[in-house]
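The primary structure of each chain is shown beneath.
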Amino acid sequence: MNKAEFENILKPIPKAELHLHLEAVISMAGIKKLYKNKFGKAMSAEEQKELFAYEDLNGFIESFLKIQGMYSSVEDFRIVFDELCNYLTDNGITYTEVFFAPTAFLKMGFKYEDMVKIFHEKITEIKKKTGITIKLLMDVSRTFGCENAMNNYNLLKSNPCEDIIGIGLGGAEAKGPAKDFAPVYEQAIKDGFKVVAHAGEDVGPESMWDSINYLHAQRLGHGITAIQDEKLMEELKTSQLPIEICITSNTFTKKVVKKAKEHPVRTFFDRGIAVNINTDDPVFFKTTLLNELWICYHDLNFTLEEIKQLVKNSFLHSFMSDEEKAAAVKSVDKAWKA
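Just so it is clear, the structure is predicted and the values come from calculations on it, not from any experiment.

Colleague: Even after reading the chapter, I still don't get the packing of aromatic side chains, so can you show me in this structure?
Modeller: When we look at a pair of aromatic rings, we describe it by the centre distance and by the angle of the planes. One pass over the full model with this rule turns up 19 aromatic pairs. Ring centres of F81 and F119 lie 5.4 Å apart, and the angle between their planes is 50°; on these two criteria the pair is classed as tilted. Of this pair, F81 sits in helix α5 (residues 76-90) while F119 sits in helix α7 (residues 112-130); the two residues are 38 residues apart in sequence, bridging distant segments of the chain. A relative accessible area of 0% places F81 in the buried class. Taken together, Y71, F77, F81, F100, F105, F110 and F119 form an aromatic cluster joined through their ring pairs. Taking NZ or CZ as reference, R266 lies 4.2 Å from the ring centre of F302, over its face.

Take a look at the structure:
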C-alpha cells in the first residue's frame, strides 16, 4: 500500500490528537498574514527561510517564540483558530486537546481575559460548523521559571473557561526540571484541573520519574528516554500512564533517535505501554497526524489492526468522559468497517 492509499483509508476514520501546540498549526500563509499585520510589509523569502533554519530543540523554541512575537493583538488568534480548524478537518480529527502558551503574549501586553474570550468564541464556532470538539491545556511553561508558571496558573484559575481543562509543562526541558514546578501542579490538582507534562524528550528518564513522582502527571508528552530505563518501562506498563508519542518531532531533536525506524514507540507498544500518536508542531516539523500514522505503518511495521488500536488509544487516553470515550471508540469501529 502506498501513502496516498493509506491516507485515503485513514482520513475518514474519526481521530483524536492529544499533543498539539496551538501556535504550531498555522500555515506559512497564516504566518505571512501575521507578519504583514505586525510590520506593515511582506515577509521576505530570506526571513521565511531563517524562521525554519533551526537544528535542535532550543533553536526550534526560539522560532516558536518568534512566531508568537508576530502577533499584533488578541484578534490574531482568530487567524490561528481558523488554521487549527483546517488542520483538524484535513486529518479527520474529531477531538483534540491543544496546548496554548500565554507567557509571551502576556509579556507583549495582551490581556488574558481577552485571549480567553476569543478562544471560547472560536471553539464554539468550530464546534457548530464542523462538530469537532476542542479542549485547551495551558502550557504554564518551564522556560520562564516556577514563579511565572504559578502566575499563569492563577490567571487560569481566576478566569474560568469551560474550554480550558488543565495545565501542561512545555518549553526547554533541560532548563526547567519538572520537580521545580511541583507547587503549581499541587495547586492545580487540588483545584480539580487535569495535569500533563512534557518529559523524556530532551532529558533522560529522570525527568519522567520526576513528572510522575512530583507532578503526578496524568499523561507524559514524548517520553522516549524511557527506553533507557527498564524499571521505568515496567512502571509505565503497570500504571498504564499514557505517553504522547511525536515521532517526527523526536527524530528532529535527535536526542534518542535520528530516524523514524529507530523510534522506541514500536518497543513501547509491544511491551504493553499505553501510547498514542501525535504531531506536536505540524508546521515546524512539516508533518500531519495522517503522516505520523503512515510512519507507524511504513517505517515501524505497525499492522492496520495496530494502527486502529493507536487511533482508539488517543480517545481512550483523553480527558473525555467514559461515556464519550465509549462512543468515540464505537465510531472508530463503525468507520473502520465502512
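Colleague: It is not clear to me how helix α16 (residues 304-316) should be interpreted in this structure. Could you clarify?
Modeller: Count 3.6 residues to each turn of an α-helix, and residues three or four apart come out pointing the same way. Here α16 contains 13 residues, and its C-alpha end-to-end distance of 18 Å stays within 8% of the 18 Å for a straight helix at 1.5 Å per residue. Buried within α16 we find E306, I307, K308, L310, V311, K312, N313, S314 and F315.

Colleague: So what exactly am I meant to see when it comes to the packing of α5 against α7 here?
Modeller: Between two packed helices, what matters for the description is the angle formed by their axes and the separation of those axes. The geometry of α5 relative to α7 is characterised by a closest axis approach of 10 Å and an angle of 30° between their N-to-C directions. Comparing their axes, α7 and α5 come out roughly parallel. You can see that α5 and α7 cross each other, and the crossing is right-handed. The residues of α7 that touch α5, namely those facing F77, R78, F81, D82, C85 and T89, are M115, I118, F119, E121, K122, I123, E125, I126 and T130. Here the contact of α5 with α7 is built from residues that sort into eight nonpolar, two polar and five charged.

Colleague: What is the right way to look at helix α4 (residues 57-68) in this model?
Modeller: Over its twelve residues, α4 extends 17 Å from the first C-alpha to the last, a length consistent with the 16 Å expected when each residue adds 1.5 Å. On its buried face, α4 is in contact with β1 (15-21), α2 (28-39), α3 (45-51), α6 (103-107), α12 (247-253) and α14 (282-285).

Colleague: Any chance you could explain the nonpolar core here in plain terms?
Modeller: Soluble globular proteins: nonpolar side chains tend toward being buried together. F77, I167 and F284 are the most contacted members of the largest nonpolar core, which totals 109 residues. Here this core takes eight residues from α5, the largest share from any one element. Setting aside anything within four residues of it in sequence, one finds F284 in contact with A24, F52, Y54, F60, S63, F64 and I67. Membership of the second largest hydrophobic core comes to five residues, among which are L137, I165, V196 and F319.

Colleague: What should I look at first to understand the environment of A42 in this one?
Modeller: Relative to the assigned elements, A42 resides in the loop between α2 and α3. Once the C-alpha coordinates of A42 and K32 are considered, the two residues, ten residues apart in sequence, prove to be 7.0 Å apart.

Colleague: Just to check I follow, could you spell out the side chain of H222 for this structure?
Modeller: Position of H222 among the secondary structure elements: in strand β6 (residues 219-222). Apart from residues no more than four positions distant in its own chain, H222 is found in contact with H19, H198, A199, G200, E201, I243, E244, I245, C246, S249, N250 and D280.

Colleague: Can you walk me through the sheet that holds β1 in this structure?
Modeller: Pairing between the strands of a sheet is mediated by backbone hydrogen bonds and can be parallel or antiparallel. In spatial order, the strands read β1-β2-β3-β4-β5-β6-β7-β8; together these eight strands make up an open sheet with parallel pairing. Looking at the sheet topology across the chains shown, the edges are occupied by β1 and β8 (275-277). Strand-to-strand twist of the sheet, defined as the mean angle between neighbouring strand axes without regard to direction, takes the value 25°. The pairing of strand β7 (residues 243-245) with β8 spans three bridges and is classified as parallel. Note that in β8 the partner of I245 across the bridge is I277.

Procedures and definitions
- Residues numbered from 1 in each chain as written.
- Predicted model: local features only at pLDDT ≥ 70, side-chain atom pairs only at ≥ 80, totals over all residues.
- Heavy atoms only, no water.
- Phe/Tyr/Trp six-rings, centres within 6.5 Å; stacked < 30°, edge-to-face > 60°.
- Helix = DSSP H or I, 4+ residues; strand = E, 2+ residues; numbered from the N terminus.
- Buried < 20%, exposed > 50% of the residue type's maximum accessible area, 1.4 Å probe, protein only.
- Lys NZ or Arg CZ within 6 Å of the ring centre and 35° of its normal.
- Expected span 1.5 Å × (residues − 1).
- Axes fitted to C-alpha atoms, helices over the stretch in contact; angles between N-to-C directions.
- Parallel < 35°, antiparallel > 145°, perpendicular 65-115°, else oblique.
- Left-handed = near helix turned anticlockwise from the far one by under 90°.
- Contact = heavy atoms within 4.5 Å.
- Nonpolar A, V, L, I, M, F, W, Y, C, P; charged D, E, K, R; others polar.
- Core = buried A, V, L, I, M, F, W, Y, C linked by side-chain atoms within 4.5 Å.
- Pairing = 2+ DSSP bridges.

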